[in-house]
Amino acid sequence: MAKRFALVLLVLMLVATATACGKKDDTPAPEAPVTPGEATGLDGAALLQEKCTVCHSLDVVYAEEQDAVGWAAIIDTMIARGAQVTDEEAAAIAEYLSLQ
Ligand code: HEC
């Protein structure tokens, strides 16, 4: 639980940092948009398909609008319901969904 929130906070910090860097005018580096899975190195989209369609369709998922912390909390309730997701996978899915 605490570890998952630490991961989500890491994801949020990376997203915030990347966003802040992208807004600097004097940065010569090319635009680096945050892509899903960047923070954990896992493919959140693929994990969503694999892990979150076991019990219901993704329509149920896309009906929700949450930030990464909100998604982490929802994924926690799914784990309580029986979803087989590791902390890292949960963070990747939460990151992916928060960027949708
Ligand atoms: C072990 C079964 C199971 C798995 C796997 C599962 N869910 Fe669920 N989920 C449920 C049940 C049961 C409900 C409530 C009944 C319904 O809407 O079908 C639900 C509902 C939801 C809802 C609607 C809000 C709510 O809490 O009722 C969201 C959003 C959601 N799931 C997201 C996810 C995501 C994201 C994943 C992948 C990490 C996932 N679910 C995987 C069982 C599961």
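The following paragraphs examine the structure supplied in this document.

**Quick word on the overall build of the protein chain**
Phase 1 of the analysis: The helix and strand tally for the protein chain stands at 5 helices and 0 strands.
Phase 2 of the analysis: Helices and strands appear in the protein chain in the N-to-C order α-α-α-α-α.
Phase 3 of the analysis: For the protein chain, with 100 residues in total, the buried portion stands at 30%.
Phase 4 of the analysis: Considering only contacts in the protein chain between residues 6 or more positions apart, those separated by 24 or more positions represent 75%.
Phase 5 of the analysis: Summing over all exposed atoms, the protein chain offers an accessible surface of approximately 6,200 Å²; the carbon and sulfur share of this is 60%.

**Examining the coordination of the iron atom of the ligand**
Phase 1 of the analysis: Distances from the iron atom of the ligand to its protein donors, namely His56 (NE2) and Met78 (SD), fall within the range 2.0 to 2.2 Å.
Phase 2 of the analysis: One way to put it: the 6 donor atoms around the iron atom of the ligand meet at angles of 87 to 180°, and that makes the site octahedral. Taken together, the residues span a long stretch of sequence, with His56 in the loop between helix H2 (44-51) and helix H3 (58-62) and Met78 in helix H4 (residues 68-81) at a distance of 22 residues.

**Topic: the nonpolar core**
Phase 1 of the analysis: In terms of nonpolar packing, the biggest core is built from 14 residues, with Leu48, Val61, Ile93 and Leu97 touching the most fellow members.
Phase 2 of the analysis: Of all elements in the fold, only H2, H3, H4 and helix H5 (87-98) reach the threshold of two or more residues within this core.
Phase 3 of the analysis: Per-element tally for this core: the top contributor is H5, with 6 residues.
Phase 4 of the analysis: Residues in contact with Leu97, not counting those within four places in the same chain, are Leu48, Val61, Tyr62 and Trp71.

**Examining H2**
Phase 1 of the analysis: Residues of H2 that are buried include every one of Gly44, Leu47, Leu48 and Lys51, and no others. Projected onto a plane normal to the axis of H2, the buried residues spread over an arc of 105° and lie on a single side.
Phase 2 of the analysis: On its buried face, H2 is in contact with H3 and H5.
Phase 3 of the analysis: The N-cap residue of H2 is Asp43: its side-chain oxygen and the backbone nitrogen of Ala45 are 3.1 Å apart.

**What to know about the site of the ligand**
Phase 1 of the analysis: Taken together, the neighbourhood of the ligand is formed by 16 residues, with Cys52, Cys55, His56, Met78 and Arg81 sitting nearest.
Phase 2 of the analysis: Taking Arg81, its side chain carries an N or O atom lying 3.4 Å from an oxygen atom of the ligand.
Phase 3 of the analysis: Breaking the shell around the ligand down by element, the ones donating at least two residues are H3 and H4.
Phase 4 of the analysis: Here the shell around the ligand takes 5 residues from H4, the largest share from any one element.
Phase 5 of the analysis: Partitioning the shell around the ligand into residue classes produces 11 nonpolar, 2 polar and 3 charged.

Rules used in this analysis
Residues numbered from 1 in each chain as written. Predicted model: local features only at pLDDT ≥ 70, side-chain atom pairs only at ≥ 80, totals over all residues. Heavy atoms only, no water. Helix = DSSP H or I, 4+ residues; strand = E, 2+ residues; numbered from the N terminus. Buried < 20%, exposed > 50% of the residue type's maximum accessible area, 1.4 Å probe, protein only. Contact = heavy atoms within 4.5 Å. Areas by Shrake-Rupley, 256 points an atom, 1.4 Å probe, with all protein chains shown as cover. Donors = N, O, S within 2.8 Å, 3.2 Å for Na, K, Ca; no water. Tetrahedral: all angles 85-135°; square planar, octahedral: opposite > 155°, others 65-115°. Core = buried A, V, L, I, M, F, W, Y, C linked by side-chain atoms within 4.5 Å. Arc of directions from axis to C-beta. Polar contact = N/O pair within 3.5 Å; in protein donor to acceptor, adjacent residues only side chain to side chain. Near = heavy atom within 4 Å. Nonpolar A, V, L, I, M, F, W, Y, C, P; charged D, E, K, R; others polar.

Take it as geometry only, folks, not as evidence of what the structure does.
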